[in-house]
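Residues per chain are reported as follows:
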Amino acid sequence: MGRAKSYFERRSLSSALGTYLQNAGWTVNIREGYFSNDAIESDTVAVTFLPSAIAELQIGRAAQEKTIVRRVQINAYMSNEHKASDIVDEIMEFVDMVPITVEDADDNDLASMICYDSSSISGDVVPPIMKNPSVTRWRGVIRGTYEVHYLD
Amino acid sequence: MVDTFERGLDDAERFAINKTNEAIKRDVLGTSIRALGEAGGEGFPEVYIDHLIRHMRYNTHISSNTFGNGQMEIEVTFSNMGDYDDLARGFHDGALIQEETGAHGYGKLSGKPKYNIHPPQVQLPYNGEPLMNEQERRQEFWEQAVVDGEPFQTDMKGLTVTAPSFGEVAYNRVSAWEGLGVAPEWLLLEYGYTESRPEVSPVDFTNSLESIINCVASEIYTGAVVALIKIAQDAGESIRVVGTSAPRSGRTGRFVAYKEALAEVETDYSHCLFSF
């Protein structure tokens, strides 16, 4: 079940992000995880989780509840710097403002996922390292800290 | 008696600063960078880790600020870390250069005829020289010859070459970066790297290091508070500790550690409130 938690969280976050970007007029591929056996084509947005933690409140927590702190990194691979910069702003807004409902494979609600701490959100644009690449790829890197609150 | 307490405060602050400096430079940096570097995976070899530790130990500046009311912060700054341009200068080691030719068709760089089978090659640090082969061909060479260690059939008739290993290339990169006085490989750990094999996993480098240093600083300060309380107790004063507040940290691009500990000391002669 521990493995399934992060799987459904990532799936729900990716789905919500894809819908948000589509409604904002972006045409991008959405995928999960950092590495891929397939070549990363522009324009692609990939959601990955960095090291996580369990949140312990100072006064303890209720026995049936669990809060996990997820450090999320979203990589936006774009064909030029301008697009990378624009989508970074868009995704930072998404992380800050959009709460996520984590659902399982049967669409049952499992948890809520919210970025409470706006100061944890950062966005950078990383240039391609290789000169004269065949596929020019700028990368927008957006990070934020979510709290995922499971009720049982 | 007031003098004793004031000296005690100064001593405790100096003690806290010195101990934090020592702990960070001697132990914390090495241990935490090694752990984060290893979490980066195969694409972040030992030579990068060792270089990053050396560079950060040498380029760590720790300063303390006091605010008159006993509050103190310790600021840890890492300088000359390097940026993406510096990182890029460690790439294309040994790549063939498309050199300009002079009036008689001889290369201006090598002095050799245009179609010689040993064109000039990039020596790190890379300065942006035009490269002979397209990115796709160079990528193929990298994957097959450097990463997989297999002989590579070039486009020059009959010529098969073997390449240095990834370890040797990494060593050359570090030498180049060291010569430039930077350590941009931290960017690989911060953001990850997938442009070629072997890849590097992103490990949230700055955030992780900040958490570790903040934790260490908090422990050191707690020790300083205990030391100060002992000084006062040895002087025969009664001490009432009213509580501690949680440490704060903020991301500024430098690593800043705070610790607030509040102790109220009452004596016959003075009532001083301090926190640090």
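Up top is the structure these notes are about.
The rules behind the values
- Residues numbered from 1 in each chain as written.
- Chains lettered and ligands numbered in written order.
- Predicted model: local features only at pLDDT ≥ 70, side-chain atom pairs only at ≥ 80, totals over all residues.
- Heavy atoms only, no water.
- Buried < 20%, exposed > 50% of the residue type's maximum accessible area, 1.4 Å probe, protein only.
- Helix = DSSP H or I, 4+ residues; strand = E, 2+ residues; numbered from the N terminus.
- Pairing = 2+ DSSP bridges.
- Core = buried A, V, L, I, M, F, W, Y, C linked by side-chain atoms within 4.5 Å.
- Contact = heavy atoms within 4.5 Å.
- Salt bridge = Lys/Arg side-chain N within 4 Å of Asp/Glu carboxyl O.
- Expected span 1.5 Å × (residues − 1).

A. Layout of the pairing of strand S8 (residues 138–150) of chain A. All names here are of chain A. Most of S8 sits inside the fold, with 11 of its 13 residues counted as buried. Judged from the four bridges that link them, strand S6 (residues 109–114) and S8 form a sheet pairing that is antiparallel. Along S8, the bridge assignment pairs isoleucine 114 with glutamate 147. Of the pairings in the sheet, the one linking strand S7 (residues 122–126) to S8 comprises five bridges and is antiparallel in character. Residue aspartate 124 lies in a different strand from S8, and its bridge partner there is valine 141.

B. Just the side chain of histidine 92 of chain B, in detail. With respect to the helices, strands and loops of the structure, histidine 92 of chain B is situated in the loop between helix H3 (84–88) and helix H4 (135–147). We classify histidine 92 of chain B as buried; its relative accessible area is 9%.

C. The arrangement of the nonpolar core in detail. Within the largest apolar cluster, 42 residues are counted, with the highest numbers of intra-cluster contacts made by Leu52, Met56 and Phe205 of chain B. Mapped onto this core, the elements with two or more residues apiece are helix H1 (2–39), helix H2 (46–58), strand S2 (72–78), H3, helix H5 (166–180), helix H6 (186–191) and helix H7 (205–234) of chain B. If one sorts the elements of this core by residue count, H1 of chain B sits on top with six residues. Not counting the four nearest positions on each side in its chain, phenylalanine 205 of chain B is found in contact with Ile33, Leu36, Leu52, Met56, Trp186, Leu189 and Glu190 of chain B. Core analysis: the second largest hydrophobic core is formed by 31 residues, Phe8, Leu17, Leu21 and Val45 of chain A among them.

D. Focus on the pattern of salt bridges. All names here are of chain A. Under the counting rule described, the total for this entry stands at 13 salt bridges over all chains. In this structure, lysine 83 engages aspartate 43 in a salt bridge whose closest nitrogen and oxygen atoms are separated by 2.5 Å. Taken together, the residues lysine 83 in helix H2 (residues 81–97) and aspartate 43 in the loop between strand S1 (29–32) and strand S2 (44–49) connect sequence positions 40 residues apart. Judged by relative accessible area, which is 26%, lysine 83 ranks as partly exposed.

E. Inspection of unusual backbone geometry at higher detail. All names here are of chain B. Along the chain, leucine 124 connects to proline 125 via a cis peptide bond; the corresponding omega equals 0°. Along the polypeptide, proline 125 turns up in the loop between H3 and H4. For the bond from arginine 197 to proline 198, the omega torsion is -15°, close enough to zero to count as cis. Among the secondary structure elements, proline 198 is positioned in the loop between H6 and H7. One non-glycine residue with positive phi stands out, namely histidine 92, at about 70°.

F. Spatial organisation of H2 of chain B. If you check H2 of chain B, its first and last C-alpha atoms are 18 Å apart, about what 13 residues at 1.5 Å a residue would give, namely 18 Å. For H2 of chain B, the full list of buried residues reads Tyr48, Ile49, His51, Leu52, Ile53, His55 and Met56 of chain B.

G. Region of interest: the side chain of serine 32 of chain B. Turning to its location among the elements, serine 32 of chain B is positioned in helix H1. Residues within four places of serine 32 of chain B in sequence aside, it is in contact with Leu209 and Ile212 of chain B.

H. How the structure looks around the environment of leucine 187 of chain B. Residues and elements named next belong to chain B. Here leucine 187 shows up in helix H6. A relative accessible area of 5% places leucine 187 in the buried class. Beyond its immediate stretch of four places on either side in the chain, leucine 187 contacts Gly82, Asp83, Tyr84, Leu87 and Gly192.

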